[in-house]
Amino acid sequence: MLLVHNRIKSNKFSSLGRIYIRYNSNSRNRWLSRQQGDPYTKEAKVQNLRSRAAFKLMQIDDKYRIFNKNTPNQRILDLGYAPGAWSQVARQRCSPSSMILGVDILPCEPPHGVNSIQANILAKRTHDLIRLFFSKHFQLNRHDELHKDHGYFQNMLEEELTHVKDTELYREIFTSDDSYDTSRTNSTLKEREKFPVDIVISDMYEPWPQTTGFWNNITNQAYFRMANTSGVSIRDHYQSIDLCDAALITAIDLLRPLGSFACKLYTGEEENLFKKRMEAVFNDVYKFKPEASRNESKETYYIGLRKKRNIDKLDVFSN
Ligand SMILES: C[S@@+](CC[C@H](N)C(=O)[O-])C[C@H]1O[C@@H](n2cnc3c(N)ncnc32)[C@H](O)[C@@H]1O
């Protein structure tokens, strides 16, 4: 990431003082010419996919069969979903009755048939919102169809959380382990409510280049809060490990036993430790570099299948 003093570059934003700019013009030009000649970028346009990243997930799914069109009512959580290409793939490859929730720290209009919230996955409240979104007990807007097509219901979800958080039923279902009243509902249902997600996919890391709309100087500076790849591999690796751990913790907390997981990692010296943590959570763990991932990129993908039961987070992270 290039730190510049904005006044040096341009008078336009001088009152805002310092800003971070992700690209200098050379690296931006390199990026643009690579994109222009890239067959996956072209094909993404033809197929109306929001980015070439879609093909990486397709290739992961072709090999490991994460999605299943014949399984109804699946619940899919897409972490770092913006601009939405992975969610589009999930939408295409899951049954129409499946629910997909995209979470991103950036604002983004989700693709058709996908819901979204703008939230930081590192915050516990984000986990609460995700659980509430997928909950059968507290299902929102049963009567309207709004949530089926659009993601613009975040305020309703936040409001609902404020209302239900202190209720006994919420505590019983979401927070207590032992004192749950099984006469109210059976234990399978309880497990489904506590671990409501069938598939977690995470491509969290670099944001897509923004060509329209807001720019770095918007008031809440969302662009600063995420991890941009810097080109300095050691920095990229550690930031990536943090986000992979955040995705793994989300999977421990919200993914159902036997559920599936896929996440992107920028390789580096802590990769083996991450792999061990994956092995503590999933029965089958694979590392895979899809063809659509550029050779020169340090990204690789970890796939976890058949999540184990009764995982102790402390055990996973004390290795
Ligand atoms: C490479 S993009 C994802 C591309 C997406 N999978 C697609 O196919 O369109 C990575 C995304 O991760 C998001 N991100 C980074 N840190 C995050 C965090 N802590 N919480 C939520 N999203 C985050 C970024 O905002 C960015 O949009």
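Per an unreviewed UniProt entry, the chain carries the name rRNA methyltransferase 2, mitochondrial and comes from Saccharomyces mikatae IFO 1815. The Sequence similarities (unreviewed entry) comment attached to the chain in UniProt states, word for word, "Belongs to the class I-like SAM-binding methyltransferase superfamily. RNA methyltransferase RlmE family."

Visitor: For this particular structure, what's the right way to read the overall build of the chain?
Guide: What the chain contains, in helices and strands, is 14 helices and nine strands. The buried share of the chain, reckoned over its 319 residues, is 51%. Across the chain, the fraction of contacts at a sequence separation of at least 24, relative to all contacts at a separation of at least 6, is 66%.

Visitor: Just checking my understanding: could you explain helix α13 (residues 271–281) for this structure?
Guide: Counting along an α-helix, one turn takes 3.6 residues, and residues three or four places apart therefore face a common direction. Listing the buried residues of α13 in full gives Glu271, Phe274, Arg277, Met278 and Val281. Relative to the axis of α13, the buried residues are bounded by an arc of 120 degrees and lie together on one face. Against the buried residues of α13 lie α12 (233–254), β7 (255–266), β8 (282–288), β9 (299–307) and α14 (313–317).

Visitor: Looking at this structure, how should I read unusual backbone geometry?
Guide: Glycine aside, residues mostly have negative phi angles, and peptide bonds mostly take the trans form. The omega angle of the peptide bond from Ala82 to Pro83 is 5 degrees, so this bond is cis rather than trans. Even without being glycine, Leu258 reaches a positive phi, approximately 75 degrees. One can find Leu258 in strand β7. Judged by relative accessible area, Leu258 falls into the partly exposed class, the value being 47%.

Visitor: Help me out: how do you make sense of the UniProt feature "active site" (unreviewed entry) in the chain in this one?
Guide: The sites that UniProt annotates as "active site" (unreviewed entry) are Lys264. Its place among the elements puts Lys264 in strand β7.

Visitor: Could you clarify how one ought to interpret the layout of surface pockets in this entry?
Guide: Over the atoms a probe the size of a water molecule is rolled, and this reveals where empty space is left. Computed from the structure, the second largest pocket encloses a volume of approximately 810 Å³. Arg131, Lys194, Phe195, Ile252 and Asp253 are the residues nearest the centre of the second largest pocket, which is lined by 32 residues in total. At the level of elements, α6 (124–134), α9 (168–175), α10 (187–194), α12 and β7 are the ones that each hand at least two residues to the lining of the second largest pocket. The leading source of residues in the lining of the second largest pocket is α12, at seven residues.

Visitor: How should I be thinking about the packing of aromatic side chains in this particular structure?
Guide: To describe a pair of aromatic rings, one takes the distance between the centres and the angle between the planes. For the coordinates displayed, the defined rule picks out eight aromatic pairs. For the ring pair Tyr205 and Tyr266, a centre distance of 5.0 Å and an interplane angle of 55 degrees mean the geometry is tilted. With Tyr205 in the loop between β6 (197–202) and α11 (222–225) and Tyr266 in strand β7, the pair connects residues that are 61 residues apart, well separated along the chain. For Tyr205, a relative accessible area of 6% translates into the label buried. Taking 5.4 Å as the distance between ring centres and 25 degrees as the angle between the ring planes, the aromatic pair formed by Phe261 and Phe282 counts as stacked. Note that Phe261 is positioned in strand β7 and Phe282 in strand β8, a separation of 21 residues in sequence.

Visitor: Explain the pairing of β7 to me, please; I cannot follow it from the model alone.
Guide: Within β7, ten of the twelve residues are buried, which leaves the element mostly enclosed by the surrounding structure. In this structure, β6 lies alongside β7, joined through five bridges in parallel fashion. Its bridge partner lying in β7, Ile201 is registered against Ala262. Sheet topology note: the β7/β9 ladder contains six bridges and is antiparallel. Paired with Lys264 across the strands is Tyr301, a residue of β9.

Visitor: Looking at this model, I keep getting lost on the confidence of the model for the chain. Mind explaining?
Guide: Of the residues in the chain, 71% have a pLDDT of 70 or more, and the chain-wide mean is 80. Scored below 50 in pLDDT, residues 178–183 makes five contacts in the model with residues more than four places away or belonging to other chains. The ipTM value of the predicted complex is 0.99, and its pTM value is 0.81.

Cut-off values and rules
Residues numbered from 1 in each chain as written. Predicted model: local features only at pLDDT ≥ 70, side-chain atom pairs only at ≥ 80, totals over all residues. Heavy atoms only, no water. UniProt positions renumbered as here; feature names shortened; annotations may be inferred. Helix = DSSP H or I, 4+ residues; strand = E, 2+ residues; numbered from the N terminus. Buried < 20%, exposed > 50% of the residue type's maximum accessible area, 1.4 Å probe, protein only. Contact = heavy atoms within 4.5 Å. Arc of directions from axis to C-beta. 1 Å grid on protein atoms, 1.4 Å probe; cavity = no way out; pocket = protein on both sides within 12 Å on 5 of 7 lines; lining within 4 Å. Points joined across faces, edges and corners; volume = space filled by probe spheres on them. Phe/Tyr/Trp six-rings, centres within 6.5 Å; stacked < 30°, edge-to-face > 60°. Pairing = 2+ DSSP bridges. pLDDT = per-residue confidence, 0-100.

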